[in-house]
Amino acid sequence: MAILSDMKRYLLISILLIALASCQKKQVQTTPWGTVIGADTTQSSATFSLGDIQDEGELIVLTISGPETYYDYHGHGMGLQYLLCEQFAKQIGVAVRVDVCRDTTEMLNRLRNGDADLIAFQLPKGIKGLDYCGAYDGKRGTQWAVRSGNSELADTLSRWFRPDMAQRVKREESFLLSSRSIERHVYSPMLDRAGGVISRYDRYFKMYAPVARWDWRLLAAQSYQESCFDPEAKSWAGARGLMQIMPSTADHLGLDASQLTNAEMNIAAATKYIAQLSGKFSDIGDPLERQNFVLASYNGGYWHIRDAMALARQHGRNPHSWAEVSEFVLKLSDPAYYRSAVVKNGYMRGSETVDYVNRIRQRYSQYRGVGGGGFTAPSGSMTPSRANKKYRFHV
């Protein structure tokens, strides 16, 4: 009986110890910066060293949307902090993945949780749990940071960064954002006014305009804005041809990248893409208004234009009027607006997009006195349906 009693006592004590240990594991405390006390093992295993990052082939970066940090430009990341990250990633032989956060608190919490390797944002000194390293701003006393203890990555970043890098990267970005970065010949915007000829490619504009349900002269005006009628035009971002189609867009449309400089196929693919964008703006009843939204999306990205429409609605303006929405496209370069809760895609270079639409509209007004409008293909030409079948464009 005594032995049985001792065994029961032993089992009871064992159960109590297990229960106590279990309770202790659940008692975690979160600091203002998101550090979890009592979960050190999980956090430590989530920290990726430089070697781990190189083995994975990816540097995961946290930042905030903005002109100096990160923004999407024609499918490419831009912004000083991001471009510096790209250069560092190239040096260690990995790709960059950017996760855009709402604010500093979110960045710090996510870094603490092991969701990323680096904060590429100029943080003030003195935040606990961080190792400051890499790019720094001497005037403001701010710098990038990694999780405390990730010394190999921190040391490598600090050895890599030199103060002259920031100015050099800013100059490179300024060049990429200018028209000088586009390789093209500048041809006349009107080949023969007296003869009613805008360009050497008028027959293709007339042939495929019905696909977009646009006046062919509006298509010509857009083409001139994109490439100055140079079928070999190429941007640094990879856009090619008369309508400056990106390889990813060409792939989406079923057009082989090797055919991007083929004038007819480039125009055919562009009109197909325009038709798709028009379908996405089916909520805009006025077809002329819809054209402006499509042009803006072609240049600045569909989701950025939807953000501007959301801002217009939020401020009691008409989200289906380009005259009113364009004001908010411009304001998407202001942090007071691109950090709004209704904005899902952050900063954009709104002035470029508004200018793009305005210039095309102005040139279209000049072209409207040339030839005829409408959607009728010229006599003897291939109809859009046959052309689509021939080139097998699929979406």
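Each remark here, short or long, concerns the structure printed above.
Here goes a summary of the coordinates provided. This is a predicted model, so every value here is computed, not measured.

Attention now goes to the overall build of the chain. On a plain count of helices and strands, the chain comes out with 17 helices and nine strands. When contacts within the chain are restricted to residue pairs at least 6 apart in sequence, long-range pairs at least 24 apart make up 62% of them. Of the roughly 20,000 Å² of accessible surface on the chain, a fraction of 51% belongs to carbon and sulfur atoms.

Within helix α5 (residues 104-112) the residues assigned to the buried category are M107, L108, L111 and R112. The arc that holds every buried residue of α5, seen down its axis, measures 130 degrees, which confines them to one face. Of the residues flanking the start of α5, the one acting as N-cap is D103, its side-chain oxygen 3.3 Å from the backbone nitrogen of T105. With its phi angle positive at about 80 degrees, G114 sits one or two positions after the end of α5.

What follows deals with the pattern of salt bridges. Under the defined criterion, the tally for this structure stands at 14 salt bridges. Close ionic contact of E327 with R317 constitutes a salt bridge, the shortest N to O distance being 2.9 Å. Linking E327 in helix α14 (residues 322-331) with R317 in the loop between α13 (302-314) and α14, this pair joins segments that are ten residues apart in sequence. Taking the relative accessible area as the measure of exposure, E327 reaches 31% and is therefore partly exposed.

Pairing in this open sheet of five strands is mixed, and the strands run β6-β3-β7-β9-β8 from one edge to the other. Of all strands in the sheet, those with a lone pairing partner are β6 (95-101) and β8 (130-137), marking the two edges. This sheet shows a mean twist of 35 degrees between the axes of neighbouring strands, independent of strand direction. Sheet topology note: the strand β7 (residues 118-124)/strand β9 (residues 142-147) ladder contains three bridges and is antiparallel. By the bridge assignment, P124 is partnered in β9 with T142.

In terms of nonpolar packing, the biggest core is built from 96 residues, with L84, W144, L157 and I267 touching the most fellow members. Each residue touching L84, except ones within four places of it in the same chain, is listed here: A135, W144, W160, F161, M165 and V169. In terms of nonpolar packing, the next biggest core, distinct from the first, is built from 14 residues, I60, L108, A116 and A145 among them.

This next bit is on the packing of aromatic side chains. If you walk through the whole model with that rule in mind, you get 16 aromatic pairs. Between the aromatic rings of Y73 and W236, the centroid separation amounts to 6.4 Å while the plane-to-plane angle is 5 degrees, which identifies the pairing as stacked. Residue Y73 is located in strand β4 (residues 71-73), and its partner W236 is located in the loop between α9 (216-227) and α10 (247-253); the two are separated by 163 residues in the primary sequence. On the basis of relative accessible area, W236 is assigned to the partly exposed category, the value being 28%. Among the aromatic residues, those joined into a ring-pair cluster are F88, Y136, W144, W160 and F161. Above the plane of the ring of Y132 lies K125, whose end atom (NZ or CZ) is 5.5 Å from the centre.

Right, let's talk about the packing of α14 against helix α16 (residues 350-367) for a bit. Relative to each other, α14 and α16 sit at 150 degrees, their axes nearing to 7 Å. With respect to each other, α14 and α16 are oriented roughly antiparallel. For the pair α14 and α16, the crossing hand works out as left-handed. Contacts from W322, S326, V329 and L330 in α14 reach G350, S351, T353, V354 and V357 in α16. Taken together, the residues that form the contact of α14 with α16 break down as five nonpolar, four polar and no charged.

Attention now moves to the environment of E172. Note that E172 resides in helix α7 (residues 164-176). Judged by its relative accessible area of 36%, E172 falls in the partly exposed class. Each C-alpha atom of the pair E172 and L80 lies 9.9 Å from the other, and the pair is 92 residues apart in sequence.

Attention now moves to the pairing of β7. Most of β7 sits inside the fold, with six of its seven residues counted as buried. By the bridge criterion, two bridges tie strand β3 (residues 58-64) to β7 in an arrangement that is parallel. The residue of β7 that forms the bridge with V61 is L118.

Thresholds applied
- Residues numbered from 1 in each chain as written.
- Predicted model: local features only at pLDDT ≥ 70, side-chain atom pairs only at ≥ 80, totals over all residues.
- Heavy atoms only, no water.
- Helix = DSSP H or I, 4+ residues; strand = E, 2+ residues; numbered from the N terminus.
- Contact = heavy atoms within 4.5 Å.
- Areas by Shrake-Rupley, 256 points an atom, 1.4 Å probe, with all protein chains shown as cover.
- Buried < 20%, exposed > 50% of the residue type's maximum accessible area, 1.4 Å probe, protein only.
- Arc of directions from axis to C-beta.
- Polar contact = N/O pair within 3.5 Å; in protein donor to acceptor, adjacent residues only side chain to side chain.
- Salt bridge = Lys/Arg side-chain N within 4 Å of Asp/Glu carboxyl O.
- Pairing = 2+ DSSP bridges.
- Axes fitted to C-alpha atoms, helices over the stretch in contact; angles between N-to-C directions.
- Core = buried A, V, L, I, M, F, W, Y, C linked by side-chain atoms within 4.5 Å.
- Phe/Tyr/Trp six-rings, centres within 6.5 Å; stacked < 30°, edge-to-face > 60°.
- Lys NZ or Arg CZ within 6 Å of the ring centre and 35° of its normal.
- Parallel < 35°, antiparallel > 145°, perpendicular 65-115°, else oblique.
- Left-handed = near helix turned anticlockwise from the far one by under 90°.
- Nonpolar A, V, L, I, M, F, W, Y, C, P; charged D, E, K, R; others polar.

Don't take any of this as a statement about function, it's just geometry.
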